[in-house]
Amino acid sequence: MIDTIKIFTMITKEIYNKILNISIVKTSYRKSTGEIFYEIVNDKLEGSFSSSISVRVGTGAKYNFLNHYYIEIEGSLHKIVKGYNAINGFYNIYNVSQILIKLVEEYYNIKLPKFQHWFLQRVDISKCFDLEDNENVRNYINNLSHCSYPRRNIKHYQDESIYMSGTSTTLKIYNKVLEFKKHDYKKLLDNGFNVINFSKLIDGFVRFECEIKKKKLEKIYNKKYIRIRNVNYKELDKIWSDEFMKLIKFFETDLEKVKDKRKVESRLNTMYKPALATSLYNFYISICVDGLDSVKKRTGKTTYYKYIKCLKQANIDFSQQFDVNFEDKYIDFNPFDYPEVI
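Notes on the structure follow. Because the structure is predicted, anything quoted here is derived from the model rather than measured.

## Notes on the overall build of the chain
Helices and strands together make up the secondary structure of the chain, namely 13 helices and 11 strands. Looking at the chain residue by residue over its 342 residues, the buried ones come to 49%. Within the chain, residue pairs in contact and separated by at least 24 positions form 68% of the contacts whose partners lie at least 6 positions apart.

Okay, structure coming up:
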């Protein structure tokens, strides 16, 4: 589903001034001379359940709009309309964008450029999956705490989330009910929303969110400015899938993996000679207990890559980390063939 999007277009000075007059203006300037370096004009429009749209305007130099100005609109229509973003979402980026543009037009009583002149700056694609209860969600998130991702700084918050920021995308896997209680529970409660029933409904939800940034969009579409009308959800969904596949070490052609340690031991003994099978099994258990990064640091480079290759050839999943007694905590869940909660 589509969550937060950021879109922009070129506007006239008249529209810029109209928004400027009722917006928050932040200015950077040299106090001694009064020289202004830049101005940021930002306003927030309140939506349902106090969700908001961010509206920012400025000189067109940022986007090479010579002698003109720009407007950026950013927000989650899902939250604006419904107050939450766990279920009943939107999948048509055209409709989402057009509604946000219309809301801004009505609020400021202005007429903005036609839809074909709007560009996409950022879009978040999210999917929720129901793991039945919150203990499963907590275990899954904690198991993934030592996943490795090339050139990414991975942050793990116990029971709550995995967060991986990057210049082209940011990936988040989080416990939806804990996030809801932290950020939206009181707000919706104050508006008469049945937060108790809703919390029960999403108690087993884990959410996979991919923030697709301008750099990634430019690479995918091979353009500096991506017109919204040229973007479709299938393309965005593929970015979501590709990014999370890298993280969890799943591949589209190889999703069926061995997870039970007894089956792993049996598979290795079937494929390899006894001495190598034993070494590979111990290597696998070390990954499960200590994490891939820790094992990599204490294993010789040649041996490490040889054993990793052997595990992959045996079709063995080593994407999650566990406590020593991990069998009862392993969550057999694959987001690429599991039904999304809609």
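## Considering the pairing of strand E6 (residues 119-130)
With 11 of 12 residues buried, E6 is to be regarded as a mostly interior element. Pairing analysis gives 5 bridges linking strand E1 (residues 2-11) to E6, with the strands arranged antiparallel. Paired with Ile 7 across the bridge in E6 is Leu 120. Taken together, the 2 bridges between E6 and strand E11 (residues 226-227) define a ladder with antiparallel strand orientation. The partner of Leu 120 across the bridge, within E11, is Ile 226. Bridging between E6 and strand E10 (residues 205-212) involves 8 bridges; their strand directions are antiparallel. What sits directly across from Ile 125, in E10, is Cys 210.

## Some words on the nonpolar core
With 59 residues, the main nonpolar core has Ile 71, Ile 73, Leu 112, Ile 173 and Phe 208 as its most contacted residues. By residue number, the principal contributor to this core is helix H9 (residues 233-248), which donates 8 residues. When neighbours within four sequence positions are excluded, Leu 112 is seen to be in contact with Ile 11, Ile 15, Ile 71, Ile 73, Ile 101, Val 104, Glu 105 and Trp 118. In terms of nonpolar packing, the next biggest core, distinct from the first, is built from 20 residues, Phe 283, Ile 287, Tyr 307 and Cys 310 among them.

## Looking at the pairing of E1
With 9 of 10 residues buried, E1 lies mostly within the body of the structure. With 8 bridges joining them, E1 and strand E5 (residues 69-76) adopt antiparallel strand pairing. Bridge pairing links Phe 8 to Glu 72 in E5.

## Some details on the layout of surface pockets
Put simply, the largest pocket is a space of about 650 Å³. What lines the largest pocket is a set of 29 residues, and nearest its centre among them are Lys 79, Lys 172, Tyr 174, Glu 179 and His 183. Mapped onto the lining of the largest pocket, the elements with two or more residues apiece are E1, strand E4 (52-59), E5, helix H2 (77-82), E6, strand E8 (161-165), strand E9 (169-175) and helix H5 (176-183).

## Comments concerning the side chain of Lys 216
With respect to the helices, strands and loops of the structure, Lys 216 is situated in helix H8 (residues 214-221). Look at Lys 216 and you get buried, because its relative accessible area is 10%. Not counting the four nearest positions on each side in its chain, Lys 216 is found in contact with Ser 168, Thr 169, Ile 239, Glu 243 and Lys 246.

## A look at the packing of helix H11 (residues 274-290) against helix H13 (residues 301-313)
For the pair H11 and H13, interaxial distance at closest approach is 10 Å and the crossing angle is 95°. Judged on the interaxial angle alone, H13 and H11 are roughly perpendicular. Counting all contacts with H11, which are made through Leu 276, Ser 279, Leu 280, Phe 283, Tyr 284 and Ile 287, the residues of H13 involved are Tyr 304, Lys 306, Tyr 307, Ile 308, Cys 310 and Leu 311. Class assignment of the residues belonging to the contact of H11 with H13 gives a composition of 10 nonpolar, 1 polar and 1 charged.

## Considerations on unusual backbone geometry
If you check the backbone angles, Asn 109 has positive phi at about 55° while not being a glycine. With respect to the helices and strands, the residue Asn 109 is situated in the loop between helix H3 (93-108) and E6. Its relative accessible area of 62% is what places Asn 109 among the exposed residues. Here Asn 315, not a glycine, exhibits a phi torsion of approximately 65°, which is positive. Mapped onto the elements, Asn 315 comes out in the segment after H13.

## Here we look at the packing of aromatic side chains
For the structure on display, the rule yields 30 aromatic pairs. Here Phe 283 and Tyr 307 contribute two aromatic rings whose centre-to-centre distance is 5.2 Å and whose plane-to-plane angle is 75°, an arrangement assigned as edge-to-face. With a gap of 24 residues between them, Phe 283 in helix H11 and Tyr 307 in helix H13 connect regions that are remote in the sequence. Like Phe 283, the residue Tyr 307 is buried in the burial classification. Taken together, the ring pairs in this structure connect Phe 129, Tyr 140, Phe 208, Trp 240, Phe 244, Phe 333, Phe 336 and Tyr 338 into an aromatic cluster. Positioned above the aromatic ring of Trp 240, the side-chain terminus of Lys 127 is 4.1 Å from the ring centre. It is Lys 214 that lies over the ring of Tyr 225; its NZ or CZ is 5.9 Å from the centre.

## Some words on the packing of helix H10 (residues 261-271) against H11
Following both chains from N to C, one finds H10 and H11 inclined at 150°, their axes separated by 9 Å at the closest point. In terms of axis orientation, H10 runs roughly antiparallel to H11. You can see that H10 and H11 cross each other, and the crossing is right-handed. On the side of H10, the interface is formed by Lys 261, Val 264, Glu 265, Leu 268 and Asn 269, while H11 contributes Ala 277, Leu 280, Tyr 281, Tyr 284 and Ile 285. In terms of residue class, the contact of H10 with H11 is made up of 7 nonpolar, 1 polar and 2 charged.

Reading the values: rules and limits
- Residues numbered from 1 in each chain as written.
- Predicted model: local features only at pLDDT ≥ 70, side-chain atom pairs only at ≥ 80, totals over all residues.
- Heavy atoms only, no water.
- Helix = DSSP H or I, 4+ residues; strand = E, 2+ residues; numbered from the N terminus.
- Buried < 20%, exposed > 50% of the residue type's maximum accessible area, 1.4 Å probe, protein only.
- Contact = heavy atoms within 4.5 Å.
- Pairing = 2+ DSSP bridges.
- Core = buried A, V, L, I, M, F, W, Y, C linked by side-chain atoms within 4.5 Å.
- 1 Å grid on protein atoms, 1.4 Å probe; cavity = no way out; pocket = protein on both sides within 12 Å on 5 of 7 lines; lining within 4 Å.
- Points joined across faces, edges and corners; volume = space filled by probe spheres on them.
- Axes fitted to C-alpha atoms, helices over the stretch in contact; angles between N-to-C directions.
- Parallel < 35°, antiparallel > 145°, perpendicular 65-115°, else oblique.
- Nonpolar A, V, L, I, M, F, W, Y, C, P; charged D, E, K, R; others polar.
- Phe/Tyr/Trp six-rings, centres within 6.5 Å; stacked < 30°, edge-to-face > 60°.
- Lys NZ or Arg CZ within 6 Å of the ring centre and 35° of its normal.
- Left-handed = near helix turned anticlockwise from the far one by under 90°.

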